[in-house]
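# Overview (structure and organization)
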Amino acid sequence: MGHQETVEILLDHGAEVNFADGDGRTALSVAALCVPTVAGVKGYGEVVSLLLERGANPGHRDKDGMTPLLLAAYEGNEDVVELLLEAGADVDETARQEGELQSAAAVTPLLAAAAMGHMSTVSKLLFWGADVDAIDSEGRTALCLAAAQGSVEVVRALLDRGLDENHKDDLGWTPLHNVKLM
């Protein structure tokens, strides 16, 4: 899975490792979006590792301001998250458009992984020192987002890290309010 050998051949023949498509995505961004589909398959870690070895930029932003790390966190691609962090990606980077000021209101990898209920990715980001107090553009913490997802494991892990179970988002809702009861 991941076609590592094909990628290597293309790079050996001069393919530009940081070439961006019309959406501003590089091969590294596309690989970060790819998640395992078969039991036991780890995803595109070998491809990501090769691309990084060949000079792929782990901090590249596509037209939506998304980096490979943010994309991998949304997809729960834990092995790719690890490789990107090892390559120097910022564990607390935020999505932003070119020219925008970085603000605490933007999504971080931890917020992305918590919102999707990806426990192993949340654990990996916490291990790397992710800011547990980050909030999104609506004032929600990772705990609020995990509660809305109904992710018991993530909620427990974040509470164990001391997140405020009574934090109010911009609507005045706490994580308990965010739990979907349907």
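Residues numbered from 1 in each chain as written. Predicted model: local features only at pLDDT ≥ 70, side-chain atom pairs only at ≥ 80, totals over all residues. Heavy atoms only, no water.

### Here we look at the overall build of the protein
Scanning the protein from terminus to terminus reveals 10 helices and zero strands. Written out in order from the N terminus, the α and β elements of the protein read α-α-α-α-α-α-α-α-α-α. Taking the contacts inside the protein whose residues are at least 6 apart along the sequence as the reference set, 65% of them involve residues at least 24 apart. Total accessible area on the protein stands at roughly 9,600 Å², and carbon and sulfur atoms take up 52% of it. (Helix = DSSP H or I, 4+ residues; strand = E, 2+ residues; numbered from the N terminus. Contact = heavy atoms within 4.5 Å. Areas by Shrake-Rupley, 256 points an atom, 1.4 Å probe, with all protein chains shown as cover.)

### Observations concerning the nonpolar core
Leu51, Leu84, Leu110, Val122, Leu125 and Leu158 are the most contacted members of the largest nonpolar core, which totals 49 residues. Here this core spans two domains, since at least three of its residues come from each of domain 1 (1-90) and domain 2 (105-181). Aside from chain neighbours lying at most four places away, what touches Leu51 is Val7, Leu11, Val17, Ala27, Leu28, Ala31 and Ala56. (Core = buried A, V, L, I, M, F, W, Y, C linked by side-chain atoms within 4.5 Å. Buried < 20%, exposed > 50% of the residue type's maximum accessible area, 1.4 Å probe, protein only. Domains from an automatic or database assignment.)

### Some words on the packing of helix H6 (residues 109-116) against helix H8 (residues 142-149)
Contact geometry of H6 with H8 gives a least axis separation of 7 Å together with a crossing angle of 20°. The angle between the axes of H6 and H8 places the two elements in the roughly parallel class. The chirality of how H6 crosses H8 is right-handed. Side by side, H6 and H8 meet where Leu110, Leu111, Ala114, Ala115 and Met116 of the first sit next to Ala142, Leu145, Ala146 and Gln149 of the second. (Axes fitted to C-alpha atoms, helices over the stretch in contact; angles between N-to-C directions. Parallel < 35°, antiparallel > 145°, perpendicular 65-115°, else oblique. Left-handed = near helix turned anticlockwise from the far one by under 90°.)

### Considering the packing of helix H3 (residues 45-53) against helix H5 (residues 78-86)
Relative orientation and spacing of two packed helices are given, respectively, by the angle between their axes and the distance between those axes. It is at 9 Å that the axes of H3 and H5 come closest, and there the two elements cross at 15°. By the angle class used here, H3 and H5 are roughly parallel. Regarding H3 and H5, the two cross each other, and that crossing is right-handed. On H5, the residues touching Gly45, Val48, Ser49 and Leu52 of H3 are Asp79, Val80, Leu83 and Leu84. Looking at the contact of H3 with H5, its residues break down into five nonpolar, two polar and one charged. (Nonpolar A, V, L, I, M, F, W, Y, C, P; charged D, E, K, R; others polar.)

### Some points on the layout of surface pockets
Quantified by volume, the largest pocket comes out at close to 160 Å³. Surrounding the largest pocket, 14 residues form its lining, Val7, Leu10, Ala27, Val47 and Leu51 being those nearest its centre. For the lining of the largest pocket, the elements supplying multiple residues, two or more each, are helix H1 (4-12), helix H2 (27-33) and H3. (1 Å grid on protein atoms, 1.4 Å probe; cavity = no way out; pocket = protein on both sides within 12 Å on 5 of 7 lines; lining within 4 Å. Points joined across faces, edges and corners; volume = space filled by probe spheres on them.)

### Some points on the UniProt feature "repeat: ANK" (unreviewed entry) in the protein
Under the feature "repeat: ANK" (unreviewed entry), the UniProt entry names residues 1-22, 64-96, 105-137 and 138-170. Between the end C-alpha atoms of residues 64-96 there is a gap of 7 Å, over a span that is 52% helix and 0% strand. (UniProt positions renumbered as here; feature names shortened; annotations may be inferred.)

### Comments concerning the environment of Met116
Here Met116 lies in helix H6. In this structure, the C-alpha to C-alpha distance between Met116 and Ser151, residues 35 residues apart in sequence, is 8.4 Å. The residues touching Met116, leaving out its near neighbours within four places in the chain, are Tyr74 and Gln149.

### Looking at H3
All of the buried residues along H3 are Gly45, Val47, Val48, Leu50, Leu51 and Leu52. Lining the buried residues of H3 we find H1, H2 and H5. One or two residues past the end of H3 sits Gly55, with phi positive at roughly 100°.

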